[in-house]
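A look at the structure
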Amino acid sequence: MITYELTPHQSQVKEVVHWFAENEMRPVSMIADQLKKVPDDWLDKVNLLGISLSMSSFGESNDDKKKKDFKKAKERQGNRLGVIASEELGWGDCAIALTLPGPGLGGPPVQHSGTPEQKERFLSIFSRDEKPKWGAYALTEPEAGSDVSGLQTTAVKVDGGYVINGQKIFITNGKRASWVVVFATVDRNLGRAGHRAFVIEKGTPGFSCSRLAEKMGLRASETAELVFEDCFVPDENLLGGEEAYVNKANGSGGFRVAMKTFDNTRPIIAAMATGIARASYEYTLDFVKREYPQHGNHYHQALRLFSEMQQKIQGARLLTWEAAWKADLGKANAKEAAMCKAYGGKIALEVTSACQEILGPYGLEGHLVEKLYRDAKIYDIFEGTNQIQQLIIARHLYEPYGLRV
Ligand SMILES: Cc1cc2nc3c(=O)[nH]c(=O)nc-3n(C[C@H](O)[C@H](O)[C@H](O)COP(=O)(O)OP(=O)(O)OC[C@H]3O[C@@H](n4cnc5c(N)ncnc54)[C@H](O)[C@@H]3O)c2cc1C
């Protein structure tokens, strides 16, 4: 059955998160953007309230999924609740949303690929009773972003562990994180089959942060460059353990960990992009209702633009819900995750740009829509650029018919 109505529980989650976004995030949004930092006392406060950004509701392993019968799988709601909540957080402030305490992008790989001991060790540290803590996910390198097979960071097997050497760039919360899931290769000649994922803890000798990026948008979200110099990581921090990388038909365990993470996190990112677009639309609609004379070409042109914006926002939301719904049912959702990410990032840009045009010069100076416009561009880039999403979609659509993409 197809239904577009939220259940009472989903509506409640939406309302509660919206309340938080409006009353707790919005008041610090512009300040955080100017400071290029989410205030520490604000983070302490929300941590005590037990509020975190969950990217992990998608995190069940395939093995776990197989064990579930269809009825149980059908009952899962975590993915849909995750995207419903993320749209509200994106509406509140996406840079602050990405800085909410918790495992962040590092959560899904640990959740779906970690051993039971690793899950316990790395995920149990996030407690509201202590100071806020973060996890992070480090895949991107100067020579490997869209093309992950170009990974240059090396992992050399030694007695009791691995020695990591390399550099990672653009890592969200990479400096503040208690641990980072780091992808490296044991042999560059092996391509994807050589990839391994490690959890590297803060304070490990040889692991440091060399720089924080100065960005056009998402200024309050920390984006770090990380360096690994002869950094020893014990065997027990190899994600999933050695057996996760042997006995695989294609031997590409580390690559699959990286890609599976994106299937999990792209709908969350798409939902935030939808939230950015909606925030911009609502603000500008309100402005026009208040300030424009309610007649004439100018007014009618604005209404036409608003109706187009609303269609785009609703389209992005429905694609995102579909990707989350498939994940809740335990179905493969890589194509839908790419579709909603590509479309969400694209329309966030289009909507914020159209709003800027409607607001005119008023919208340019230290203004919410100006900030949303800067933030939106990043949603078109990270977690895989729009072009890369198109490639993924095309592969899923056409390769089954023998068309090589
Ligand atoms: C704010 C921010 C936060 C981030 N957080 C993280 C994080 O926490 N962890 C992490 O690992 N990474 C993170 N990233 C990195 C992000 O995922 C990459 O920037 C992104 O995947 C693009 O990779 P790249 O920068 O190497 O660009 P490139 O891959 O060099 O791409 C440059 C351009 O070439 C195009 N292109 C590349 N290959 C192809 C192709 N085959 N076909 C068509 N076009 C192509 C791209 O679409 C793009 O337009 C973050 C980035 C930003 C900006």
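Refer to the structure presented above.
To keep things clear, this report deals only with the structure shown in the data block. Bear in mind that the values here come from a model prediction, so they are computed numbers and not experimental data.

The next thing to look at is a nonpolar patch on the surface. The grouping of L391, L397, Y398, Y401, L403 and V405 at the surface amounts to a nonpolar patch, some 570 Å² of accessible area in total. Judged by its relative accessible area of 49%, L403 falls in the partly exposed class.

The subject of this paragraph is the pattern of salt bridges. Following the criterion strictly, the structure yields 29 salt bridges and no others. Between E282 and R278 there is a salt bridge; the shortest N-O distance is 3.0 Å. In this pair, E282 and R278 both sit in helix α8 (residues 253-291), 4 residues apart, roughly one turn of the helix. Overall, the relative accessible area of 8% leaves R278 in the buried class. Here D380 ties to K377 by a salt bridge, and the two come within 3.1 Å at their closest N and O atoms. Classification of K377 as partly exposed rests on a relative accessible area of 30%. What you see here is one network of salt bridges that share partners, running through K14, E87, E88, R278, E282 and R317.

What follows is about the pairing of strand β5 (residues 195-201). Of all 7 residues in β5, 6 are buried; the element is thus mostly enclosed. Judged from the 7 bridges that link them, strand β4 (residues 179-185) and β5 form a sheet pairing that is antiparallel. Residue pairing for β5: V180 is matched across the bridge by I200.

Once that is clear, we can look at the site of the ligand. The full set close to the ligand counts 21 residues, and Y137, T140, S146, F170 and T385 are the nearest of them. Within the backbone of L139, one N or O atom sits 2.8 Å away from an oxygen atom of the ligand. T140 is positioned with one of its side-chain polar atoms (N or O) 2.7 Å from a nitrogen atom of the ligand. In isolation the ligand has 960 Å² of accessible area, and contact with the protein removes 67% of it. Among the elements of the structure, β1 (135-138), β3 (161-172) and α12 (386-398) are those that each provide at least two residues to the shell around the ligand.

Reading the values: rules and limits
Residues numbered from 1 in each chain as written. Predicted model: local features only at pLDDT ≥ 70, side-chain atom pairs only at ≥ 80, totals over all residues. Heavy atoms only, no water. Patch = residues over 30% accessible without salt bridge, like charges linked within 9 Å, V, L, I, M, F, W, Y side chains within 5 Å. Areas by Shrake-Rupley, 256 points an atom, 1.4 Å probe, with all protein chains shown as cover. Salt bridge = Lys/Arg side-chain N within 4 Å of Asp/Glu carboxyl O. Buried < 20%, exposed > 50% of the residue type's maximum accessible area, 1.4 Å probe, protein only. Helix = DSSP H or I, 4+ residues; strand = E, 2+ residues; numbered from the N terminus. Pairing = 2+ DSSP bridges. Near = heavy atom within 4 Å. Polar contact = N/O pair within 3.5 Å; in protein donor to acceptor, adjacent residues only side chain to side chain.

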